[in-house]
Amino acid sequence: MAKPLIAGNWKMHGSLALIEEFGRAFATVELPAEVEVALIVPFPYLAQAAQKLASVGVCVGAQTLSDQPSGALTGEVSGDMLRELGARMVLVGHSERRSLFHEDDQAVLGRIRAALAVGLTPILCLGETLEQRDDDRTEAVVLGQLEAVFDALDVDERTRLVVAYEPVWAIGTGRTATPEQAQAVHSAIRQRLVGYSSALGENTQILYGGSMKAANAADLLAQPDIDGGLVGGASLQVDDFLAICQSAG
Ligand code: 13P
């Protein structure tokens, strides 16, 4: 059974003051011991977040990275730099990166390799658009995105990823997948991972993302193949985020 993981994705939100607030809040609450918590913050906040949050048991992550280790790539950030600032995780293939920044499966694979090369844990994001769902292509799209990465990795590398299912139509819309809809896709992802190896299927954390909030988290997390959440908007309110973390225990 994979350990529960709740990761907050701040996207391009937040502030140093908010990191301080999260640090204070996490220092005073007791979370279920088995629940892993991560905050995925904008680059400029990584060092501060790692300093304030690591000591209270919250892992820090970045939202993307370059596929290159260094170079004349103005504006890019390498995996080593993220590590140096205290990041342990990194999102790859978030739907906003895929759609707004034109990252295709090859670009996603390059970033996954770059993350693994420096010991960062990539959270590989998968998800279908509403149009693809309406065309009955959800499984084909999601498993296609999964295979584009997993087929290219070796047996050891595959064990070092977290997977997040985020239906694009549920992101930032307030429209959550029902627990049954989410479970159906999570189960398909799990089965595909079992196809690589039964241990991989059993141990890989598969997170749900898309308008997860305190009010719906428990029902989603109760599904057998939902191991945690990737939380956007609700991760900017410390009380909401703590409530989601509590409901994962
Ligand atoms: P929301 O929780 O705001 O829908 O965002 C989900 C998401 O994209 C997390 O990566």
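Before reading further, recall that the structure is shown in the block above.
So, here is what we can say about the structure in this document. (Residues numbered from 1 in each chain as written. Predicted model: local features only at pLDDT ≥ 70, side-chain atom pairs only at ≥ 80, totals over all residues. Heavy atoms only, no water.)

Description of the environment of leucine 130
Along the chain, leucine 130 falls in helix H6 (residues 130–134). In the structure, leucine 130 is positioned 26 residues away from aspartate 104 in sequence and 18 Å away in space, judged by C-alpha atoms. (Helix = DSSP H or I, 4+ residues; strand = E, 2+ residues; numbered from the N terminus.)

Structural notes on helix H2 (residues 46–53)
By the burial criterion, the buried members of H2 are Leu46, Ala49, Ala50 and Leu53. Taken end-on, H2 shows its buried residues confined to a sector of 100°, consistent with a single buried face. Considering only its buried residues, H2 is in contact with helix H1 (16–28), strand S2 (36–40), strand S3 (58–62) and helix H3 (79–84). (Buried < 20%, exposed > 50% of the residue type's maximum accessible area, 1.4 Å probe, protein only. Arc of directions from axis to C-beta. Contact = heavy atoms within 4.5 Å.)

A closer look at the nonpolar core
Counting residues in hydrophobic clusters, the biggest one holds 67 residues, and the most contacted among them are Phe150 and Ile189. Per-element accounting of this core gives the leading share, 6 residues, to helix H5 (residues 105–117). The contact partners of phenylalanine 150, leaving out residues within four places of it in the chain, are Leu124, Arg158, Leu161, Val163, Leu193, Tyr196 and Leu200. In this structure, Cys59, Met89, Ile123 and Ala164 belong to the second largest nonpolar core, which totals 13 residues. (Core = buried A, V, L, I, M, F, W, Y, C linked by side-chain atoms within 4.5 Å.)

Details of unusual backbone geometry
Unlike most non-glycine residues, histidine 102 shows phi in positive territory, near 55°. Looking at where histidine 102 falls in the secondary structure, it is placed in the loop between helix H4 (95–100) and H5. Within the chain, aspartate 136 stands out as a residue other than glycine whose phi angle is a positive 65°. Within the secondary structure, aspartate 136 sits in the loop between H6 and helix H7 (138–150). Classification of aspartate 136 by relative accessible area gives exposed; the value is 73%.

What to know about the state of the cysteines
According to the stated counting rule, one finds 0 disulfides in the structure shown. With no disulfide of its own, cysteine 59 has cysteine 245 as its nearest cysteine by sulfur position, at a separation of 12 Å. Overall, cysteine 59 belongs to the buried group, its relative accessible area being 10%. (Disulfide = S-S within 2.5 Å.)

Some remarks on the site of the ligand
The environment of the ligand is made up of Asn9, Lys11, His94, Glu166, Ala170, Ile171, Gly172, Gly210, Ser211, Leu230, Gly232 and Gly233. Between the ligand and histidine 94, the relevant distance is 2.8 Å, taken from an oxygen atom to a side-chain nitrogen or oxygen of the residue. Out of a free accessible area of 310 Å², the ligand has 94% covered by protein chains. Tallied by class, the residues present in the shell around the ligand amount to 3 nonpolar, 7 polar and 2 charged. (Near = heavy atom within 4 Å. Polar contact = N/O pair within 3.5 Å; in protein donor to acceptor, adjacent residues only side chain to side chain. Areas by Shrake-Rupley, 256 points an atom, 1.4 Å probe, with all protein chains shown as cover. Nonpolar A, V, L, I, M, F, W, Y, C, P; charged D, E, K, R; others polar.)

Looking at the sheet that holds S2
The strand order around the closed barrel formed by 8 strands is S1-S2-S3-S4-S5-S6-S7-S8, and the pairing between neighbours is parallel. The mean angle between the axes of side-by-side strands here comes to 25°, regardless of whether they run parallel or antiparallel. Two strands pair when backbone bridges link them, and strand S5 (residues 121–126) and strand S6 (residues 162–165) are joined in this way by 4 bridges, in the parallel orientation. Of the residues in S6, the one forming a bridge with isoleucine 123 is valine 162. The sheet strands contacting H2 are S2 and S3, and the helix crosses S3 at an angle near 170°. (Pairing = 2+ DSSP bridges. Axes fitted to C-alpha atoms, helices over the stretch in contact; angles between N-to-C directions.)

Describing the pairing of S3
Most of S3 is tucked away, with 5 of its 5 residues classed as buried. Residues Val58, Val60 and Ala62 of S3 are buried on one face, and the alternating residues Cys59 and Gly61, pointing to the opposite face, are buried as well. Pairing geometry for S2 and S3, over 4 bridges, is parallel. By the bridge assignment, valine 37 is partnered in S3 with valine 58. Considered for its hand, the β-α-β crossover made up of S2, H2 and S3 is right-handed. Pairing analysis gives 2 bridges linking S3 to strand S4 (residues 89–92), with the strands arranged parallel. (Right-handed = clockwise from strand over helix to strand, strands pointing away.)

Some remarks on the layout of surface pockets
Empty space within the largest pocket amounts to approximately 460 Å³. In terms of lining residues, the largest pocket is bounded by 21 residues, among which Met12, Gln63, Thr64, Arg97 and Phe101 are the most central. Residue contributions to the lining of the largest pocket peak at 3 residues, all from H4. Looking at the lining of the largest pocket residue by residue, the class counts come to 9 nonpolar, 7 polar and 5 charged. One number sums up the size of the second largest pocket: a volume of about 320 Å³. Together, 18 residues line the second largest pocket, and Thr159, Arg160, Leu161, Asn203 and Thr204 are the ones closest to its centre. (1 Å grid on protein atoms, 1.4 Å probe; cavity = no way out; pocket = protein on both sides within 12 Å on 5 of 7 lines; lining within 4 Å. Points joined across faces, edges and corners; volume = space filled by probe spheres on them.)

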